[in-house]
Amino acid sequence: MTAVGEQPTEVDERQPLLPRPHRTASPCARCLLFPSGQHILLLLFCCFLVNLALDGQLRVWARSAIVSFHADFGCVGGILVSVLFAGMALASITFDGPEAVSCMGMVGYLFFLFFSAMLCWNSMLRICLLHKLPTHCAFPGYCPQDQESGKPDLTGIIRITVLAWTWVPTGIFTAVGGALWRPWYFIFYALPHGLLSTSRPWSSWLWSRWRELIVGSVFWFCFILVGVVMWSRSFAHAGTSDRRFLRVAGLGISIACALTAFWLTADPVMSFWSFLAHPWIAIFEAVKAGTIPSLGCEEWIAICLMVWDVGRMLFIMASARFEQWSARARMEEVLREALAHPFRAELEQGFAKTAPSAAPSSVPGPGDPEASKGKIGEMHQALIKARKQNLLDQFSSSSILPSSMRLRVRRDHLLEDSLAALLEKPVSELLAPRVNVLFEGEPGFDVGGLTRDWFDSVGRALADGANDAKGSSLLVVAPDQTLIPRPSQCKDIDAMEMATPELQGRFRYFMSLGRFMALAVFHENPLPLSFAFVLCKYLLRVPVGMEDVKQLDPAFYSGRVEQVLRSGGPEQIAVALGEPLTF
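Residues numbered from 1 in each chain as written. Predicted model: local features only at pLDDT ≥ 70, side-chain atom pairs only at ≥ 80, totals over all residues. Heavy atoms only, no water.

With that settled, consider the packing of helix α14 (residues 449–463) against helix α15 (residues 501–522). Between α14 and α15, the least distance of the axes is 12 Å, while the angle of their chain directions is 140°. On the basis of their axis angle, the class for α14 and α15 is oblique. Between α14 and α15 lies a crossing whose hand is left-handed. Where α14 approaches α15, its residues Trp454, Phe455, Val458, Gly459 and Leu462 are matched on the opposing element by Leu513, Phe516, Leu519 and Ala520. (Axes fitted to C-alpha atoms, helices over the stretch in contact; angles between N-to-C directions. Helix = DSSP H or I, 4+ residues; strand = E, 2+ residues; numbered from the N terminus. Parallel < 35°, antiparallel > 145°, perpendicular 65-115°, else oblique. Left-handed = near helix turned anticlockwise from the far one by under 90°. Contact = heavy atoms within 4.5 Å.)

Glancing now at unusual backbone geometry. Of note in this structure, Lys132 is not a glycine but carries a positive phi near 60°. In this fold, Lys132 is placed in the loop between α4 (103–130) and β1 (136–137). One non-glycine residue with positive phi stands out, namely Glu524, at about 55°. Counting through the fold element by element, Glu524 comes out in the loop between α15 and α16 (533–540). Relative accessible area serves as the criterion here: at 58%, Glu524 is assigned to the exposed category. (Buried < 20%, exposed > 50% of the residue type's maximum accessible area, 1.4 Å probe, protein only.)

Before going further, it helps to spend a moment on the pairing of strand β4 (residues 434–439). Judged by which residues are buried, β4 turns out to be one-sided: Val435, Val437 and Phe439 face inward and are buried, whereas Arg434, Asn436 and Leu438, on the alternate face, are not. Pairing between strand β3 (residues 404–409) and β4: six bridges, direction parallel. Looking at the pairing, Leu407 lines up with Val437 of β4. (Pairing = 2+ DSSP bridges.)

Between its first and last C-alpha atoms α15 spans 31 Å; for 22 residues at 1.5 Å apiece the expected length is 32 Å, and the two agree. Phi for Glu524, located one or two positions after α15, is positive at around 55°. (Expected span 1.5 Å × (residues − 1).)

In this section: the pattern of salt bridges. In total, this model carries 10 salt bridges according to the counting rule given. Close ionic contact of Glu333 with Arg330 constitutes a salt bridge, the shortest N to O distance being 3.6 Å. Of this pair, Glu333 and Arg330 are both found in helix α10 (residues 297–340), three residues apart, which corresponds to roughly one turn of the helix. Residue Glu333 is classed as partly exposed on the basis of its relative accessible area, which comes to 39%. For Arg330, a relative accessible area of 27% gives the class partly exposed. (Salt bridge = Lys/Arg side-chain N within 4 Å of Asp/Glu carboxyl O.)

Here we take up the nonpolar core. Trp454 and Leu462 are the most contacted members of the largest nonpolar core, which has 31 residues in total. Of all the secondary-structure elements, those providing two or more residues to this core are β3, α12 (414–424), β4, α14, α15 and α16. Ignoring any residue separated from it by four or fewer positions in sequence, one finds Trp454 in contact with Leu407, Val409, Leu414, Ser418, Leu422, Val437, Phe439, Phe516 and Leu519. Membership of the second largest hydrophobic core comes to 16 residues, among which are Val76, Cys120, Cys128 and Cys137. (Core = buried A, V, L, I, M, F, W, Y, C linked by side-chain atoms within 4.5 Å.)

Moving on, we come to the packing of α4 against helix α6 (residues 170–196). Packing of α4 against α6 leaves a shortest axis separation of 8 Å and a crossing angle of 85°. The angle between the axes of α4 and α6 places the two elements in the roughly perpendicular class. Residues Trp121, Met124, Ile127 and Cys128 of α4 pack against Gly171, Ile172 and Phe173 of α6. Among the residues forming the contact of α4 with α6, the class breakdown is six nonpolar, one polar and no charged. (Nonpolar A, V, L, I, M, F, W, Y, C, P; charged D, E, K, R; others polar.)

Structure below.
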């Protein structure tokens, strides 16, 4: 017990609230994670170029890469941009209504649509020229063509804008159509026919047909998957506009996946995949024949790099699983230590001798925004930087850290699901740069709006029931109408085992509440909660002054504290009580 007027002990160096063991990654882990995935891919590509140079195929591959880049990336990008521009123009006319568009505005829209169509048509013709696909002259005698090759001549403004329409890029239409129907042909005819007979219809297919099969299969798989998801229970209550958006988004996702498959199966890229697969095929055949595989030095290096990358990915997956598994045990350990060594708030120098005044507090208040942005902002960034550095020292590579924290909660059990999920999240996931929230039974993609809705909804749920002095909510309204943690009815609990299961669950919820508040500060997301100023000081470990006591509970201060602070007050109260006054 401390007598009135006794000075608190001065502490020179502050210790952390809860001791955290500083773990560092082992040398093996650091060595395994030292090269990132991008570094390994770059080294593999260098081995591939060395292999091409040794085989004398480097010039051929370079010319193929230039043609593929021009056609598959440049011209396909032109087609996508033109379709996007045309879709935006048509959507604008549809939403506004043709009657709402002026004459000059309609002329502008028509010119915009003509420009988009011209860009799309010329891009398809150039793809046919670069890949030597067939084209057809729809108006003989008017088609501009090269005199030697007979191919379309797309030079000059008139030929690009007007005469290009006389050529039809039949090769593009044939390839796109083949990608759409060939997967169904393979599933319903070629595959059953090959299984039921000795002939294999696909044995004579060229690579172009296999490429159409791969691209088309990816497109239809994504398209059907989006349709199944759209008609599932998660999107059962979506409105008409939401379903329209989902259809457009699903079609866009399907096209994007098909384009990815199209680019990954281009001839230059397939040469790279072939280089990566060839050493393994050679090793398999050599082991089967009982001989030593005949591989070049660059191929052996490529094998080592691929094995290294596989081991690296397995280690990352195992580390992530271990972090999730040990997070709950770590939280139980922290909770037991917090109960055994409770943190006490520090008091200002001369706390019992100094009467409250209007002097500014050492913590910037809401009326001092510049100071808040300065001091609190610096503390915020320094704390985040130090904690992330601790994680980097522990995991030895940023690639092992999660890129986002994912939460799946129910709207009707929002507070319980959120607090339970936060309690089980490892620190590495809590410090992820993004938060992705999904409400069960509600359609939506989190691009920031759902996360803000989650912070706001959980904050309001925490404030529900705070006005009831005998309630069971985590927070309660203080006499100054701010929020403080609701005091526990059980006193002097110094061990986790001594608390009832209900009280243990309440303590865990308080730890989850602290994580929720820290998460809001970390992502700079405001909460609809007004915490007591003394609680903010307590969390920031700023000494509490007499002014804070008066602000928190004016009635308690005037009835219990002010009388003690008066001259001769303790003696008068001691006489009235008939015993010495101690605290």
